[in-house]
Amino acid sequence: MSSTIHRLLVANRGEIASRVFATCRRLGIETVAVHSDADAGLPFVAEADLAVRLPGNSPAETYLRADLVLDAARRSGADAIHPGYGFLSENAGFARAVLDAGLTWVGPAPASIEQMGSKIAAKRLMAEAGVPCLDDLDPATVTAEDLPVLVKASAGGGGRGMRIVRDLESLSTAVDSARDEAASAFGDGAVFVEPYVERGRHVEVQVVGTPDGVLVLGDRDCSLQRRHQKVVEEAPAPGLRDEVRAALHGAARAAAAAIDYRGAGTVEFLYDAATERFYFLEMNTRLQVEHPVTEAVLGIDLVEAQIAVAEGRPVVERDSSPVETNGHAVEVRLYAEDPGLDYQPQSGRLDTFEVPDVDVRFGPLTAPGLRLDAGFGSGDEVGTHYDAMLAKLISWAPTREQAIRRLRGALRRARIHGVVTNRDQLLAVLEHPRFLTADLDTGLLADEDLAGTGPPARDRTLAAFAAAVGRAELTAARRTTQRGIPVGWRNVVAAPTTTTFTCRGEEVRVAWYGPTTAGRDDPHRTHHRLVDEQAEGAYVVAVSTSGSEARVVVEHDGVRVPHTVHESLGPDGDTGRYDVEAPWGHLALETVPRFTDPADQVAAGSLLAPMPGTVVRVAVEAGQQVRAGDPVLVLEAMKMQHTVSAPADGVVGLLPVGAGQQVAAGEVLAVVEPTHPEKEPA
Amino acid sequence: MSNREAMLTKLAELDAEHATAVAGGGERSVARHRARGKLLPRERIELLVDEGSAFLELSPLAGWGSDFTVGASVVTGIGVVEGVPCLITAHDPTVKGGASNPWTVKKIFRANQIAEENDLPIISLVESGGADLPTQKEIFIPGGRLFRDLTRASARKQPTIALVFGNSTAGGAYVPGMSDYTVMVKEQAKVFLGGPPLVKMATGEEADDESLGGAEMHARTSGLADYLAVDEHDAIRIGRRIVARLNRSSRAAGAPAYAEPDADPEGLLDLIPSDLKEPFDPREVIARICDGVSPTNRVAFDEFKPLYGSSLVTGWARLHGHPIGVLANAQGVLFSEEAQKATQFIQLANQSDTPLLFLHNTTGYMVGREYEQGGIIKHGSQMINAVSNSKVPHLTVIMGASYGAGNYGMNGRAYDPRFLFTWPSAKSAVMGPAQLAGVLSIVARAAAEAKGQPFDEEGDAQMRAFIEASVEEQSLPFFLSGMLYDDGVIDPRDTRTVLGICLSVIAQTQVEGTDRFGVFRM
């Protein structure tokens with residue numbers, strides 16, 4: 001089979017579409033994008049030679065519609081389809097339809113997808129091929145000794161439909177909800193249960209199957225996960241003895257060979273560092289999100305390799321013996337999500353997205369440096385219809401330490417405004433001793449509570465001061481009256497000006513004096529001065545504003561620290577978010593409104609939608625008695641199901657929503673009126 | 001002691017006096033007020049004005065030197081609410097329950113005058129137990145003007161808003177009654193003509209506070225309250241929304257771009273001599289308070305008639321982009337030339353509708369045979385005529401000396417400048433204390449001689465010392481400010497900011513000069 005691709009359609013969106021287009025451009029292949037309505041303005045659409053609209057927004061209406069994608073290929077004259085990852089990438093029916101339409105499918109044979117698509121079947125197949133696997137457990141016969149166990153969706157991926165169960169009572173609930181989520185996300189409700197390995201590492205092996213055999217392209221560690229979704233990945237996996245690594249590669253080769261796999265794929269293993277044993281998890285029959293780290297250390301373009309296999313050409317001019325890795329690469333995934341609020345996906349306008357000193361975008365690094373694969377740019381709108389990943393940032397250096405340092409510096413200096421991201425958490429990870437010593441496991445993010453860490457108290461105090469001054473000066477610049485009057489000026493001083501923010505749900509109050517207010521004999525009287533015991537004598541050396549940005553240089557203890565304060569105001573033009581950037585990193589502060597209309601206050605016991613989404617199921621009726629922790633309803637957002645539970649014992653009062661209803665973040669879902677024990681009749 | 005040290009000492013004294021005003025009724029009284037969950041008057045104002053905006057407090061030293069607490073149990077000032085400059089008054093309920101004494105009344109009159117002249121909305125933050133009864137004779141009759149002022153303001157379409165936080169009874173009930181908008185705080189506001197004891201005495205009726213004048217009652221039954229606020233924050237929130245809907249935000253006129261002064265205002269502390277006998281060059285002051293050179297202001301100060309009448313500096317400048325004409329004393333004494341120069345300059349400002357700034361450092365009009373014969377009275381009268389009848393807004397800053405008719409000619413308090421502020425270095429009286437004592441001594445000596453009595457030298461020395469000391473005390477800024485003879489004592493370095501606020505307030509109304517003056521005696 002040999003067919004040269006001339007025009008390739010990417011049945012995907014965002015950064016992965018851009019990634020594939022980049023290789024296509026280098027190879028001279030024309031490109032076609034498909035896009036939903038919400039994505040029409042994103043960079044990947046503009047980058048493609050041709051673009052075809054898929055009407056609607058939800059994945060089911062757009063990127064999951066095989067018929068529309070094939071029609072788009074026909075209308076745009078594409079002769080090949082690359083599925084990217086997610087969406088239709090592991091849909092054998094789609095792959096088959098692509099081939100039936102006479103197009104080139106840049107992916108494995110549909111049969112391979114099917115074989116690996118069912119995790120239950122794949123495990124059986126792998127066990128037969130001699131690949132180490134975990135035992136299967138029957139939910140009905142699971143006993144306390146088997147705990148903890150993991151419930152997984154057979155068709156799942158990315159943590160969807162996955163539940164860790166630590167007590168027997170919650171097992172059936174977990175199985176049910178995993179089934180629901182899997183059915184909703186993948187159209188297949190099959191789930192299975194296996195022992196859960198505590199402190200396991202996620203280690204995976206990149207393979208490319210060719211007619212001449214399986215090429216093993218090294219390994220990666222992807223242990224740093226939140227809610228079973230990878231956040232930080234690196235290649236090679238650190239701390240493996242050569243024998244273990246060789247065995248791992250051998251198992252991966254056997255896995256791919258067992259199904260005569262063609263194209264790029266990843267064999268994922270659960271690695272128990274304590275015993276140095278590994279177990280087959282699954283094989284992803286597609287390009288992985290984290291492929292850039294492998295590209296860096298092996299000097300290979302995996303998309304090019306995929307295209308080569310699809311075109312029937314040799315991948316590389318060498319045999320299938322192990323390939324030497326060069327240096328170390330680390331990738332972080334920037335998500336529009338709030339780690340402090342249980343990783344709630346965030347939406348809105350990404351006012352600024354700039355990463356300094358990037359060497360390469362969307363392609364393999366040819367020399368140690370920094371690579372950015374971003375699906376969004378400054379000014380783009382981040383919606384809630386799809387995965388919340390904004391970009392991947394990859395650093396490649398001779399050693400792991402150097403790669404981490406480089407990545408940390410770039411993340412710190414990145415300018416990301418308008419939408420809350422996990423950037424600060426990523427920085428915390430990159431500075432964490434356990435990460436630095438490669439003491440990794442999939443529970444690290446949850447165990448170490450990296451969501452709550454921020455800069456040291458003094459840095460935070462100075463940043464909040466800079467934000468308060470920035471806000472005051474930006475507001476003053478918009479004023480039409482008394483424009484030249486120093487902010488917060490008083491001729492009779494009763495108290496300092498106070499500005500109140502919230503930072504990660506915590507209230508931060510900044511007390512400060514504007515220029516020429518108070519302190520007659522203070523040498524810094526003409527500057528903004530902070531009133532704070534922790535940072536006594538801190539004052540603003542210089543402040544300037546431009547558009548929605550203020551540059552505030554704060555001096556404390558003889559050291560000058562420049563801060564950039566970026567303002568993102570809400571529709572009222574008063575309340576909003578301030579992103580403060582300093583040499584140590586970033587801090588996001590939200591204003592606290594000075595006044596609340598009593599009519600807007602929410603009744604006690606109200607359950608608010610934690611994020612925009614759809615109500616999947618309502619478990620209670622108005623008037624029903626509920627106990628604390630009882631599920632009230634299930635909300636699906638970002639393809640994840642969230643159970644909203646009763647906060648206390650009580651009676652369901654208001655229940656304004658029903659199944660299938662779309663709700664906005666903060667909308668009242670139900671009101672549980674607490675029953676007070678003392679009011680109950682004896 | 002250097003000039004700077006001397007000025008800083010005076011400023012420290014000023015801060016101490018301001019702190020007394022801020023402390024209100026004292027720690028215990030403040031604690032009791034707070035314990036009721038209530039805010040202090042300045043805290044209410046802080047919430048009312050736009051975040052980060054300035055608040056220019058007026059007459060903070062009212063009542064200084066009297067038996068009443070400094071500040072006169074009320075806070076008045078100019079703040080920006082929802083982008084609209086407003087005149088704000090707030091009773092201080094920690095001082096004798098916010099009761100009005102004679103100085104309170106004078107301070108509110110002055111605030112209302114400022115609101116009237118500059119067309120500012122008036123926001124009253126009400127919580128007052130009414131008149132301080134022992135002083136009723138000084139309050140009752142003139143105090144009626146308070147309510148007259150409110151309704152006349154309304155008649156001029158100058159909005160009036162009352163936010164009632166507590167007691168507003170008897171005469172005080174007419175403040176919400178006379179206001180365009182009234183907000184009352186639930187379970188706090190109490191507005192009635194007569195309370196339960198008075199009603200019992202007058203009619204025998206038994207009634208409680210709430211049914212006579214509670215916020216709920218006024219909001220639901222009498223209709224005196226337009227809005228019922230759940231708490232103090234809510235009342236202020238509603239007050240801000242009322243101002244936002246006054247359709248006044250469009251009046252804010254942006255001044256053109258400007259540069260900060262060419263010289264550092266900090267230098268004013270070094271410039272002003274601690275001994276007022278030492279003259280200083282007012283151009284140095286102008287360079288520190290007026291706009292510096294910029295593309296829209298190519299020369300910072302265009303001096304007018306620089307070679308004539310050189311002990312009065314006149315010229316054109318800008319302050320925060322607002323054009324102004326400046327008259328500043330240079331050598332203390334005003335001669336005929338200076339008086340004539342001032343007269344012409346005031347007329348010119350009226351021709352070009354330009355506000356005027358008077359910077360005082362004058363010992364008065366020159367006396368002596370030569371000058372009387374040269375017509376100093378005629379010329380001084382011309383200047384006072386021009387000042388009195390000029391229709392452009394006037395601003396006055398008393399930097400140093402302000403003696404005799406010089407105070408009048410330079411637009412002293414009696415000549416109704418829109419705003420008048422004093423530096424801590426100022427002194428103002430009919431003449432210098434030593435001169436005054438000396439004059440009295442000469443007169444006494446002459447009287448003794450005429451009667452052929454021996455002159456009591458020792459008694460004279462005592463009398464001179466006493467007169468000198470008391471006149472000295474009465475010519476100092478705190479005393480004069482306590483008498484409401486200015487709108488506040490300010491740090492010289494804040495002069496630009498204070499005048500900037502005043503000019504932005506003045507810009508709310510049209511500046512229109514006159515061509516009608518009294519008869520100029522030629």
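Quick caveat: nothing in here was measured; it's all calculated off a predicted structure.

Enquirer: Hey, could you run me through the overall build of chain A in this one?
Expert: Along the backbone of chain A there are 15 helices and 39 strands. For 682 residues, the compact-globule formula gives about 26 Å, and the C-alpha radius of gyration of chain A, at 27 Å, lands near that figure. Seen through its principal axes, chain A has C-alpha atoms that stretch 85 × 70 × 55 Å. For chain A, with 682 residues in total, the buried portion stands at 56%.

Enquirer: Is there a simple way to think about the overall build of chain B in this case?
Expert: Counting its regular elements, chain B contains 21 helices and 16 strands. Its C-alpha atoms give chain B a radius of gyration of 25 Å, near enough to 24 Å, the size a compact globule of 522 residues would have. The principal-axis extents of the C-alpha atoms in chain B amount to approximately 80 × 70 × 50 Å. Within chain B, the proportion of its 522 residues that are buried is 57%. In chain B, the proportion of contacts linking residues at least 24 apart, taken out of those at least 6 apart, comes to 74%.

Enquirer: Sorry, what's going on with helix α4 (residues 102-118) of chain B here?
Expert: A turn of α-helix holds 3.6 residues, and therefore any two residues three or four places apart point the same way. Residues and elements named next belong to chain B. For α4, built from 17 residues, the straight-helix expectation of 24 Å at 1.5 Å per residue is met to within 8% by its first-to-last C-alpha distance of 25 Å. The buried fraction of α4 is high, at 13 of 17 residues. Of the residues that open α4, the one with a side-chain oxygen 2.8 Å from the backbone nitrogen of Trp103 is Asn101. Backbone geometry just downstream of α4 places Asp119 in the positive-phi region, at approximately 50°.

Enquirer: I would appreciate a short explanation of the sheet that holds strand β8 (residues 191-195) of chain A in the present structure.
Expert: Strand pairing in a sheet takes place through backbone hydrogen bonds and is either antiparallel or parallel in direction. Residues and elements named next belong to chain A. Reading across from one edge, β7-β6-β8 is the order of the three strands in this open sheet, with antiparallel pairing throughout. Both outer strands of the open sheet, β7 (163-165) and β8, are each paired with one neighbouring strand and no more. Adjacent strand axes in the sheet meet at a mean angle of 25° when their direction is disregarded. As judged from the three bridges shared by strand β6 (residues 149-153) and β7, these two strands associate in the antiparallel manner. Residue pairing in the sheet places Leu150 in a bridge with Ile164 of β7. The sheet strands contacting helix α6 (residues 119-128) are β6 and β8, and the helix crosses β8 at an angle near 50°.

Enquirer: Which parts of the structure should I look at to understand unusual backbone geometry?
Expert: Leave glycine aside and you will find that most residues have negative phi; peptide bonds, for their part, are mostly trans. Residue and element names in this part refer to chain A. The residue after Leu147, namely Pro148, is reached through a cis peptide bond having omega -5°. For Pro148, the position within the fold is in the loop between α6 and β6. A positive phi is found at Asp357, a non-glycine position, where the angle reads about 55°. By the secondary structure assignment, Asp357 is in the loop between β18 (352-354) and β19 (360-361).

Enquirer: I'm lost on the pattern of salt bridges in this one. Help?
Expert: Should their charged atoms come close, side chains of opposite charge can pair. Using the criterion set out here, one finds 95 salt bridges over all chains in the structure. Between Arg7(A) and Glu30(A) there is a salt bridge; the shortest N-O distance is 2.6 Å. Of the two residues, Arg7(A) is situated in strand β1 (residues 7-10) and Glu30(A) in strand β2 (residues 30-35); the sequence distance between them amounts to 23 residues. Assessed through its relative accessible area of 24%, Arg7(A) is described here as partly exposed. For Arg237(B), the salt bridge identified is with Asp597(A), shortest N-O distance 3.5 Å. Of the two residues, Arg237(B) is situated in helix α11 (residues 232-244) and Asp597(A) in the loop between β31 (585-591) and β32 (606-608); the pairing between them involves two chains.

Enquirer: Teacher, can you tell me more about the packing of helix α18 (residues 433-451) of chain B against helix α19 (residues 457-474) of chain B here?
Expert: Think of two packed helices as two axes; the pair is described by the angle between the axes and how far apart they sit. All names here are of chain B. At a minimum axis separation of 8 Å, α18 and α19 run at an interaxial angle of 150°. Every pair of crossing elements has a handedness; the one defined by α18 and α19 is right-handed. Seen from α18, the contacting residues are Pro433, Ala434, Leu436, Ala437, Gly438, Leu440, Ser441 and Arg445; seen from α19, they are Glu457, Asp460, Met463, Arg464, Ile467, Glu468, Val471 and Glu472. Residues that form the contact of α18 with α19 fall into these classes: eight nonpolar, two polar and six charged.

Enquirer: How do you make sense of the environment of Val45(A) when you look at a structure like this?
Expert: Following the sequence through the fold, Val45(A) ends up in helix α2 (residues 43-47). Considering only alpha carbons, one finds Val45(A) and Glu311(A), 266 residues apart in sequence, at a separation of 25 Å.

Enquirer: Where do I start with the interface of chain B and chain A in this structure?
Expert: Listed as interface residues are 43 residues of chain B and, on the opposing side, 29 residues of chain A. With both chains or domains summed, chain B and chain A bury close to 3200 Å², and 52% of this area falls on carbon and sulfur atoms. Counting the surface chain B buries against chain A, the share from its top three residues, Glu51(B), Gly52(B) and Arg237(B), is 20%. The tally of links from chain B across to chain A stands at eight salt bridges. When the shortest N-O distance is used, the salt bridge between Arg520(A) and Asp491(B) registers 3.1 Å. At the boundary of chain B with chain A, the tally comes to 17 residue pairs in polar contact (both at pLDDT 80 or more). Here the side of chain B that touches chain A takes six residues from helix α1 (residues 3-23) of chain B, the largest share from any one element. Classifying every residue of the side of chain B that touches chain A by side-chain character gives 20 nonpolar, ten polar and 13 charged.

Enquirer: Sorry, what's going on with the nonpolar core here?
Expert: Soluble globular proteins: nonpolar side chains tend toward being buried together. The biggest cluster of nonpolar side chains holds 105 residues, and the ones touching the most others in it are Leu9(A) and Ile81(A). Here the element with the most residues in this core is strand β22 (residues 389-397) of chain A; it accounts for seven residues. A domain split of this core shows at least three residues from each of domain 1 (7-106) and domain 3 (201-447) of chain A. When sequence neighbours within four positions are dropped, the list of residues in contact with Leu9(A) reads Val32(A), Val34(A), Val69(A), Ala72(A), Ala73(A), Ser76(A), Ala78(A), Ala80(A), Ile81(A) and His82(A). In terms of nonpolar packing, the next biggest core, distinct from the first, is built from 94 residues, Val175(B), Ala342(B), Met383(B) and Met399(B) among them.

Enquirer: I tried to follow the packing of helix α5 (residues 110-117) of chain A against α6(A) on my own but got confused; where do I start?
Expert: All names here are of chain A. Running from N to C, α5 and α6 cross one another at 95°; their axes reach a closest spacing of 6 Å. Between α5 and α6, the angle is such that the two are roughly perpendicular. Taking contact as the criterion, the partners of Gln115, Met116 and Gly117 in α5 are, on α6, Lys119, Ala122, Leu125 and Met126. The class makeup of the residues in the contact of α5 with α6 is four nonpolar, two polar and one charged.

Enquirer: When you look at helix α14 (residues 336-351) of chain B in this model, what are you seeing that I'm missing?
Expert: Residues and elements named next belong to chain B. Here α14 is 16 residues long and its end C-alpha atoms lie 23 Å apart, about the 22 Å a rise of 1.5 Å per residue gives. When we look at burial in α14, the residues that qualify are Ser336, Glu338, Ala339, Lys341, Ala342, Thr343, Phe345, Ile346, Ala349 and Asn350. At the exit of α14 stands Asp353, carrying a positive phi of roughly 50°.

Enquirer: Got a minute to help me understand the sheet that holds strand β39 (residues 668-674) of chain A in this structure?
Expert: All names here are of chain A. The antiparallel open sheet is built from four strands, whose spatial order is β32-β39-β37-β34. Unpaired on one side and paired on the other, β32 and β34 (625-626) mark the two borders of the sheet. Taken together, the three bridges between strand β37 (residues 650-652) and β39 define a ladder with antiparallel strand orientation. From the neighbouring strand, Gly650 faces β39, where its bridge partner is Pro674.

Enquirer: Whenever I open this one, the side chain of Arg44(B) confuses me. Can you help?
Expert: The residue Arg44(B) is located in helix α3 (residues 41-48) in this model. Beyond its immediate stretch of four places on either side in the chain, Arg44(B) contacts His33(B), Lys38(B), Leu39(B), Pro93(B), Leu125(B), Glu127(B), Phe165(B), Glu232(B) and Ile236(B).

Enquirer: How should I be thinking about the domain arrangement of chain A in this particular structure?
Expert: Often, the extent of an interface is quoted as the loss of accessible area on bringing the components together. Residue and element names in this part refer to chain A. Domain parsing of chain A yields domain 1 (7-106), domain 2 (135-195), domain 3 (201-447), domain 4 (457-591) and domain 5 (601-674). Taking only C-alpha atoms into account, the centre of domain 1 sits 23 Å from that of domain 3. Opposite the 34 residues of domain 1 that make contact, domain 3 presents 31 residues. For the pair domain 1 and domain 3, the summed buried area comes to about 2300 Å², and 61% of that belongs to carbon and sulfur atoms. The tally of links between domain 1 and domain 3 comes to six salt bridges. Arg19 is the partner of Asp301 in a salt bridge, and the nearest nitrogen-oxygen pair spans 2.7 Å. Connecting domain 1 to domain 3 are 13 residue pairs in polar contact (both at pLDDT 80 or more). At the level of elements, α1 (14-27), α2 and β5 (104-105) are the ones that each hand at least two residues to the side of domain 1 that touches domain 3. The greatest single-element share of the side of domain 1 that touches domain 3, amounting to eleven residues, is contributed by α1. For the side of domain 1 that touches domain 3, the class distribution of residues is 15 nonpolar, twelve polar and seven charged.

Cut-off values and rules
- Position labels on residues start from 1 in each chain and follow its written sequence.
- Written order determines the labels here, with chains lettered from A and ligands numbered from 1.
- Restriction of local features to residues with pLDDT of at least 70 applies here, the model being predicted, together with a cutoff of 80 or more for giving and counting side-chain atom pairs; totals for whole chains, interfaces and linings are based on all residues.
- The basis for every side-chain value is the complete set of heavy atoms in the structure, and neither hydrogens nor water enter the calculation.
- Helix and strand assignments come from DSSP, with helices taken as H or I runs of at least 4 residues and strands as E runs of at least 2, each series counted from the N terminus.
- Each radius of gyration is computed over the set of C-alpha atoms, and the globule rule expresses the reference value as 2.2 Å times the number of residues to the power 0.38.
- Buried means the residue's accessible area, taken with a 1.4 Å probe over protein chains only, is under 20% of the maximum for its type, while exposed means over 50%, and partly exposed covers the values in between.
- What makes two residues a contact is simply this: any of their non-hydrogen atoms within 4.5 Å.
- Take the residue count of a helix, subtract one, and multiply by 1.5 Å to get its expected span.
- Whenever a nitrogen or oxygen atom comes within 3.5 Å of another N or O atom, the pair is scored as a polar contact, on the condition that within protein one atom can donate a hydrogen and the other can accept it, and that pairs from neighbouring residues in sequence are kept only if both atoms are in side chains.
- Strands pair, by our definition, only if DSSP identifies at least two bridges between them.
- Lines fitted to C-alpha atoms define the axes, with helix axes restricted to the stretch in contact, and inter-axis angles between N-to-C directions lie between 0 and 180 degrees.
- Salt-bridge detection follows one rule: a side-chain nitrogen of Lys or Arg within 4 Å of a carboxyl oxygen of Asp or Glu.
- Each crossing gets its hand from how the near helix is turned against the far one by less than a right angle, where anticlockwise is left-handed and clockwise is right-handed.
- Residue classes follow a fixed rule: Ala, Val, Leu, Ile, Met, Phe, Trp, Tyr, Cys and Pro count as nonpolar, while Asp, Glu, Lys and Arg count as charged, and any other residue, Gly among them, counts as polar.
- We define buried area as the total accessible area lost by two parts upon association, computed with a 1.4 Å probe and summed across both.
- In this description, a nonpolar core means a group of buried Ala, Val, Leu, Ile, Met, Phe, Trp, Tyr and Cys residues linked to one another through side-chain atoms lying within 4.5 Å.
- These domain boundaries are the output of an automatic or database domain assignment.
- Orientation is classified from the angle alone, with under 35 degrees giving roughly parallel, over 145 giving roughly antiparallel, 65 to 115 giving roughly perpendicular, and any other angle giving oblique.

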